[in-house]
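Residue-level structural notes
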Number of protein chains: 2
Amino acid sequence: MEVANRYVTLKTYIEGAPEESDFELKTSPLALLLDPASDEMIVKNLYVSIDPYQLNRMKRYSSSQKAGPGLEGITFGEEIKAYGVAKVVTSNNVEFEKGDVVVGFVTWAEYSKIRRNGVIRKLDPLGFPLSYHVGLFGYSGLAAYAGFFEICKPKQGEKVFVSAASGSVGNLVGQYAKLLGCYVVGCAGSKQKVELLKEKLGFDDAFNYKEETDLISTLKRYFPNGIDIYFDNVGAEMLEAAVANMNTYGRVAVCGAISEYTDPGKRAAPNMSDVIYKRIKIQGFLAWDYMGISEDFISTTSDNLRSGKMHPLEDISNGVESIPSAFVGLFRGDNIGKRMVKITEE
Amino acid sequence: MEVANRYVTLKTYIEGAPEESDFELKTSPLALLLDPASDEMIVKNLYVSIDPYQLNRMKRYSSSQKAGPGLEGITFGEEIKAYGVAKVVTSNNVEFEKGDVVVGFVTWAEYSKIRRNGVIRKLDPLGFPLSYHVGLFGYSGLAAYAGFFEICKPKQGEKVFVSAASGSVGNLVGQYAKLLGCYVVGCAGSKQKVELLKEKLGFDDAFNYKEETDLISTLKRYFPNGIDIYFDNVGAEMLEAAVANMNTYGRVAVCGAISEYTDPGKRAAPNMSDVIYKRIKIQGFLAWDYMGISEDFISTTSDNLRSGKMHPLEDISNGVESIPSAFVGLFRGDNIGKRMVKITEE
């Protein structure tokens, strides 16, 4: 048996903001038969994750491409790896059988052939929709949880600033921080997002950074007593302004730098005198270093979701053909919450 | 009894590099008599420390001035606090008596009146020259020890880069790192300093940054396998270049940013993608937060000095009148090792 598998590929290196024309939707025949000597399997993708970090894989060169497996530069024409939830169609891998629902690294495609072990595991949905396992319980959630709790070591009552606060990671950081009893302000790029942060997610305050001209003054207004923790998803001027407004022993978890990804000349130039005299820690991290706290992360998060203390924030488009526009839109700030593409009904 | 006390004061705010004309050597009569109701004492200064951080106290405004007692902006005409070693001349403080040798915060003066407790303690010279207690066993030494061991958490065999490596702190960081079995490269601003680092202090290599045009390439040459630890005393371009050359899980201890102190527009703009993907930690610190490890620091350092495994590097000028030129010279890189002024013979 054979299917016509549609998948997204890269046509050209991307150095600035991505455009839909940088991608191509291809169709290739895929035999649903496996070499009996292999331990391959074929999965039918249900949801695939759309993440900003992928842009760094699409550049001609980025130091990020050396950071580990899954972060290498993308070759033109190849299938693009992405986190997702899928159903096993056929498997030579003894650990999986047809019909298993799995989560892990698949591709931006309708079907993916999984060649290696260890990148996919069976999914226990824990009673939640499958989409939750793409973002909330996936790397976005783990990045929020690990970055906030492990890097920032927050204490009740501390003052927390989150950028890209309605994004896949930021919205969760704010929610975790509120649950701990912190004072939380987020920034986002539209009035609608700002309202959502305050009204749906319980942020103490929020602002639209596009309406501000002097971010140092803006943050001073929202944090008259200073910032203890800055969860950074954007880099550049916002990081500078946060450092300028930080309190002694302030901590910055650097999860992303989306404003820098599309502009190689854009940089954050925080005042090092502030860093020294205020003993500020600026720490970059990747969620996958924190697999060791997965159990704690999953149990805390699922409890809070069940009791209604946390709210999912998802942004789902439909069909493999929507992947390029979903991805491109990330860098215009189109998404509200975790962006993913639903490839097919379960 | 009364003495003519000579002391150095500030005449004007300093915004760029300091000049000798920014200071004034004043003489005032000082009665060697104390109000019996006070717990004051008068000390005769033997050595006073000359430190770059003082420049931040001499600016009209610097965020550093809010960082704690002893870091406030300096008022024109007042005596300027500085670390030093002194001998008690007269004391109403029951903890001290005439003839005691003490260490702590005195002033850039021949005599200092000490008004508060807790800033001065009796000195046990441990068999070492008194000057060692100004730098090696003072805050310079503690900054090196705490910054390297506590912030950087070094492991044997790691690759360590130190800037301002012949300075008061840098030379000690390099020596501690060599003793631990690290590979150590330092940068400094003259051929003489570079030779000294390699030949006297045992650095594996060293270079004159003034002869380099592309610091990223320079560091790549000296660290073909990357930098694990960067001990930063200078900030700006050197910090950027170090981050670009760092290995995964690299650590930057930000002890000083001397190249930025004299130029408010100068900033380090490290690539945040490097910080994220390489999980780099950039941590500012002040030595005084690490008084808790003083005992360990003093015992390790004195053992190494006695056994000849560490070498003092001191730069001593003579007489209170030499303070302005000694201070100004710090920012031209005139000093080799810990700069201090010997005010008088013991």
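Residues numbered from 1 in each chain as written. Chains lettered and ligands numbered in written order. Predicted model: local features only at pLDDT ≥ 70, side-chain atom pairs only at ≥ 80, totals over all residues. Heavy atoms only, no water.

Once that is clear, we can look at the overall build of chain A. The helix and strand inventory of chain A stands at 10 helices and 15 strands. Expected size for 346 residues packed as a compact globule is a radius of gyration near 20 Å; at 20 Å, chain A falls within 12% of this value. By its C-alpha atoms, chain A is 65 × 45 × 35 Å across when sized along the principal axes. By residue count, 59% of the 346 residues in chain A fall in the buried class. (Helix = DSSP H or I, 4+ residues; strand = E, 2+ residues; numbered from the N terminus. Rg over C-alpha atoms; globule rule 2.2 N^0.38 Å. Buried < 20%, exposed > 50% of the residue type's maximum accessible area, 1.4 Å probe, protein only.)

Here we take up unusual backbone geometry. Residues and elements named next belong to chain B. One non-glycine residue with positive phi stands out, namely Ala164, at about 50°. Mapped onto the secondary structure, Ala164 falls in the loop between β8 (159-162) and α3 (170-180). Of note in this structure, Tyr249 is not a glycine but carries a positive phi near 65°. Its place among the elements puts Tyr249 in strand β12 (residues 246-254).

Moving on, we get to the domain arrangement of chain A. Residues and elements named next belong to chain A. The domain architecture assigned to chain A consists of domain 1 (2-136 + 314-342) and domain 2 (139-288). Distance from the C-alpha centre of domain 1 to the C-alpha centre of domain 2: 29 Å. Listed as interface residues are 26 residues of domain 1 and, on the opposing side, 18 residues of domain 2. Carbon and sulfur atoms make up 64% of the area that domain 1 and domain 2 hide from each other, which totals about 1500 Å². Linking domain 1 with domain 2 are zero salt bridges. The tally of links from domain 1 across to domain 2 stands at six residue pairs in polar contact (both at pLDDT 80 or more). (Domains from an automatic or database assignment. Contact = heavy atoms within 4.5 Å. Buried area = accessible area lost by both parts, 1.4 Å probe. Salt bridge = Lys/Arg side-chain N within 4 Å of Asp/Glu carboxyl O. Polar contact = N/O pair within 3.5 Å; in protein donor to acceptor, adjacent residues only side chain to side chain.)

For these two chains of identical sequence, chain A goes onto chain B by a turn of 180° and a shift of 0.0 Å along the axis, with RMSD 0.0 Å. One copy is carried onto the other by what is essentially a two-fold rotation axis. In terms of proximity to the rotation axis, the leading residue of chain A is Ala269 of chain A, whose C-alpha is 2.0 Å off the axis. When the interface residues of chain A are mapped onto chain B, 100% of them again fall at the interface, so both copies present the same face. (Least-squares fit on C-alpha atoms with pLDDT ≥ 70 in both.)

The next thing to look at is the interface of chain A and chain B. Taken together, the contact between chain A and chain B spans 35 residues of the former and 35 residues of the latter. Buried area between chain A and chain B, summed over both chains or domains, comes out near 3100 Å², and the portion from carbon and sulfur atoms is 55%. In this structure, the connection of chain A to chain B is made through two salt bridges. With its nearest N and O atoms 2.7 Å apart, the salt bridge here joins Arg279 of chain A to Asp289 of chain B. In this structure, the connection of chain A to chain B is made through 15 residue pairs in polar contact (both at pLDDT 80 or more). It is helix α8 (residues 272-277) of chain A that contributes the most residues to the side of chain A that touches chain B, six residues altogether. Strand direction decides the pairing type here: strand β13 (residues 281-284) of chain A and strand β13 (residues 281-284) of chain B, joined by three bridges, are antiparallel. (Pairing = 2+ DSSP bridges.)

Ordered by their spatial adjacency, 12 strands build an open sheet running β10(A)-β9(A)-β8(A)-β11(A)-β12(A)-β13(A)-β13(B)-β12(B)-β11(B)-β8(B)-β9(B)-β10(B), and the pairing between neighbours is mixed. In this open sheet, the two edge strands, each paired with only one partner strand, are β10 (205-208) of chain A together with β10 (205-208) of chain B. Direction aside, the axes of adjacent strands within the sheet are offset by 15° on average. Of the pairings in the sheet, the one linking strand β11 (residues 227-232) of chain B to β12 of chain B comprises five bridges and is parallel in character. Bridging across to β12 of chain B, Asp232 of chain B finds its partner in Val254 of chain B. (Axes fitted to C-alpha atoms, helices over the stretch in contact; angles between N-to-C directions.)

Further remarks concern the pairing of strand β12 (residues 246-254) of chain A. Residue and element names in this part refer to chain A. Crossover strand β11 (residues 227-232) to β12 through helix α6 (residues 236-244) is right-handed. Two strands pair when backbone bridges link them, and β12 and β13 are joined in this way by four bridges, in the parallel orientation. Among the inter-strand pairings, Val254 is bridged to a residue of β13, identified as Gly284. (Right-handed = clockwise from strand over helix to strand, strands pointing away.)

The subject of this paragraph is the side chain of Arg251 of chain B. Mapping Arg251 of chain B onto the fold places it in strand β12. Polar side-chain contacts of Arg251 of chain B include one of 3.1 Å to the backbone oxygen of Tyr249 of chain B.

On to the packing of helix α2 (residues 139-151) of chain B against helix α9 (residues 294-306) of chain B. Residue and element names in this part refer to chain B. It is at 10 Å that the axes of α2 and α9 come closest, and there the two elements cross at 100°. One way to sum up the angle between α2 and α9 is to call them roughly perpendicular. On α9, the residues touching Gly141, Leu142 and Tyr145 of α2 are Ser294, Asp296, Phe297, Thr300 and Thr301. Looking at side-chain class alone, the contact of α2 with α9 contains three nonpolar, four polar and one charged residues. (Parallel < 35°, antiparallel > 145°, perpendicular 65-115°, else oblique. Nonpolar A, V, L, I, M, F, W, Y, C, P; charged D, E, K, R; others polar.)

Residue placement: Ala82 of chain A occurs in strand β4 (residues 81-91). The spatial distance from the C-alpha of Ala82 of chain A to the C-alpha of Asp204 of chain A is 34 Å, given a sequence separation of 122 residues.

So, about the side chain of Gln65 of chain B. Residues and elements named next belong to chain B. Checked against the element boundaries, Gln65 lands in the loop between α1 (54-57) and β4 (81-91). There is a polar contact of 2.9 Å between the side chain of Gln65 and the backbone oxygen of Lys59. Filtering out sequence-adjacent residues up to four positions away, Gln65 remains in contact with Asn56, Arg57, Lys59, Arg60, Leu71, Glu72 and Gly73.

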